[in-house]
Amino acid sequence: MQISSVGTAYPAHRYPQSVITEALKERWAGKLEEPRLLSRLHANCGVDFRHTVFPLEHYPTLKGFKQTNDQWIAAAVDLAQTCITRALEPLGLTPADISAIFSASVTGIASPTLEARLINLMPFPTNVKRTPIFGLGCVAGAAGIARASDYVRAFPTQYALLLSVELCSLTWQDDDQSIANLISCGLFGDGAAAVIIAGADTPIAKKNSGPKVLATRSTFYRNTEHVMGWDIGDTGFTIVLSPDVPKVVNENLRGNVESFLTENHLTLGDISTYIFHSGGPKVLEAMETSLDLPKDALAPSWKSLSQVGNLSAASVLAVLEGYLKDTPGQPGSYSILAAMGPGFCSELVLLQW
């Protein structure tokens, strides 16, 4: 199995972090006990710029979960078409070549699901297999690659598509001034990504362009439901974000990675690059500390965080795109692609270039 291409798409509206912060301070005037706290929290998120699906002045006009979710569906379908096209075209493929679609999002709900709506807009086969994934949050990008790889392992002459659209700005809550929500509104951005995974016997895979998926590992950490997720109510998605996230990373990541590599007859010393989800400064620092990584080992993840924010499920896919375009691994070298998310859980993918 091979990761052959990644395409990303971002909304047209892009703002410096400070502009978003000031807009939220104005929007929440009278609700913030200490407006300077919002500025301080946002300044520490490691984010310089973010895309939002709507202009900032549009958000106060959104009333209630239904209206917000309806706009999520419409915008998500548009962004999905763009990133899918950008992933397919460099390979000379079209939607008609895709046999399975795995779609991951956690910032909106649709039934029929996003990929079902796309079949009516793009020439996917009517017998394409569909697997929508909801609820995995930030880990879903890595998990989606793993599940799509499982599929083409079973069907090596086929191509699978992983799609993730996350419009995090549509989850901002006006009546939640908790620290978790203030941080969330400074950390998460809007964006979409599509990944093409080619079966080993496809013409694309035989060209040897792109990293091969050698193995995957899912790990669930018991009794950690409180660490991350959503409370879903009348106003939509309210963030659950515990300060324990870096602690869980520190306590578990190294052991998970080492045992995973041992199963594949490798050690940490064999890994050349780490393609990690841009979870936020404390999460990235915990990853660096846990694995004793050199300072620049996660530079692409830090860069992605700075330029587009944490894109939830799409975030690790955006980082992966940077590796494919700018810093592909040396032939024969190994990489680990990883993300962590609600459950709490982790997903590891072993790649060889």
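Reading the values: the criteria
Residues numbered from 1 in each chain as written. Predicted model: local features only at pLDDT ≥ 70, side-chain atom pairs only at ≥ 80, totals over all residues. Heavy atoms only, no water. Patch = residues over 30% accessible without salt bridge, like charges linked within 9 Å, V, L, I, M, F, W, Y side chains within 5 Å. Areas by Shrake-Rupley, 256 points an atom, 1.4 Å probe, with all protein chains shown as cover. Salt bridge = Lys/Arg side-chain N within 4 Å of Asp/Glu carboxyl O. Helix = DSSP H or I, 4+ residues; strand = E, 2+ residues; numbered from the N terminus. Buried < 20%, exposed > 50% of the residue type's maximum accessible area, 1.4 Å probe, protein only. Phe/Tyr/Trp six-rings, centres within 6.5 Å; stacked < 30°, edge-to-face > 60°. UniProt positions renumbered as here; feature names shortened; annotations may be inferred. Domains from an automatic or database assignment. Contact = heavy atoms within 4.5 Å. Buried area = accessible area lost by both parts, 1.4 Å probe. Axes fitted to C-alpha atoms, helices over the stretch in contact; angles between N-to-C directions. Left-handed = near helix turned anticlockwise from the far one by under 90°. Nonpolar A, V, L, I, M, F, W, Y, C, P; charged D, E, K, R; others polar. Parallel < 35°, antiparallel > 145°, perpendicular 65-115°, else oblique. Expected span 1.5 Å × (residues − 1).

In the nomenclature of an unreviewed UniProt entry, the chain corresponds to Alkylresorcinol/alkylpyrone synthase from the organism Granulicella arctica.

### Quick look at a nonpolar patch on the surface
A cluster of nonpolar side chains, contributed by Ile 109, Phe 134 and Ile 232, occupies part of the molecular surface with about 270 Å² of accessible area. Along the chain, the position of Ile 109 falls in the loop between β4 (98-105) and α4 (114-119).

### Some remarks on the pattern of salt bridges
Counted by the stated rule, this structure contains 11 salt bridges. Its salt-bridge partner being Lys 31, residue Asp 175 comes within 2.9 Å of it at the nearest N-O pair. Residue Asp 175 is found in the loop between β6 (159-167) and α6 (179-187), and its partner Lys 31 is found in the loop between α1 (17-27) and α2 (35-43); the two are separated by 144 residues along the sequence. Take Asp 175: its relative accessible area is 67%, and that puts it in the exposed class. Overall, the relative accessible area of 37% leaves Lys 31 in the partly exposed class. The salt bridge partner of Glu 258 is Arg 254, with a shortest N-O separation of 3.1 Å.

### Observations concerning the packing of aromatic side chains
Applying the stated criterion across every chain, the model contains 9 aromatic pairs. Ring centres of Phe 65 and Phe 237 lie 5.7 Å apart, and the angle between their planes is 80 degrees; on these two criteria the pair is classed as edge-to-face. With Phe 65 in helix α3 (residues 64-88) and Phe 237 in strand β10 (residues 236-241), the pair connects residues that are 172 residues apart, well separated along the chain. Take Phe 65: its relative accessible area is 23%, and that puts it in the partly exposed class. By relative accessible area, which is 3% here, Phe 237 ends up buried. Measuring from centroid to centroid gives 5.5 Å for Tyr 274 and Phe 276, while their planes differ by 75 degrees, and the two rings are edge-to-face. Of the two residues, Tyr 274 and Phe 276, both sit in the buried class.

### A look at the UniProt feature "domain: Chalcone/stilbene synthase N-terminal" (unreviewed entry) in the chain
What UniProt calls "domain: Chalcone/stilbene synthase N-terminal" (unreviewed entry) maps, in this numbering, to residues 6-200. Along residues 6-200 the backbone is 38% helical and 23% strand, and the end-to-end C-alpha distance reaches 18 Å.

### Structural notes on the domain arrangement of the chain
Here the domain parsing of the chain yields domain 1 (2-207) and domain 2 (212-352). Contacts between the two partners involve 57 residues from domain 1, matched on the other side by 46 residues from domain 2. Sorting the residues of domain 1 by area buried against domain 2 places Phe 65, Cys 138 and Gln 173 first, and these three jointly supply 15% of that buried surface. In this structure, the connection of domain 1 to domain 2 is made through 1 salt bridge. Glu 347 serves as the salt-bridge partner of Arg 147, at 3.3 Å between the closest nitrogen and oxygen.

### Regarding the packing of helix α8 (residues 245-263) against helix α9 (residues 281-291)
The N-to-C vectors of α8 and α9 enclose an angle of 35 degrees; their axes lie 8 Å apart at closest approach. By crossing handedness, the relation of α8 to α9 is classed as right-handed. Contacts between α8 and α9 pair Val 245, Pro 246, Val 249, Asn 250, Leu 253, Arg 254 and Val 257 from the former with Lys 282, Val 283, Ala 286, Met 287, Thr 289, Ser 290 and Leu 291 from the latter. Grouping the amino acids of the contact of α8 with α9 by side-chain chemistry returns 9 nonpolar, 3 polar and 2 charged.

### Observations concerning the UniProt feature "active site" (unreviewed entry) in the chain
Those places that UniProt annotates as "active site" (unreviewed entry) correspond, in this numbering, to Cys 138. When you line up the elements, Cys 138 lands in the loop between β5 (129-134) and α5 (140-154). A relative accessible area of 4% places Cys 138 in the buried class.

### So, the packing of α9 against helix α10 (residues 299-308)
Between α9 and α10, the shortest axis-to-axis distance is 11 Å and the interhelical angle comes to 180 degrees. With respect to α10, the axis of α9 lies roughly antiparallel. The residues of α10 that touch α9, namely those facing Pro 281, Leu 284, Glu 285 and Glu 288, are Ser 301, Trp 302 and Leu 305.

### With respect to α8
For α8, spanning 19 residues, the distance from its first C-alpha to its last is 26 Å, which sits close to the expected 27 Å at 1.5 Å a residue. Listed in full, the buried residues belonging to α8 are Val 245, Pro 246, Val 248, Val 249, Leu 253, Asn 256, Val 257, Phe 260 and Leu 261. His 265, located one to two residues past α8, shows a positive phi value of around 60 degrees.

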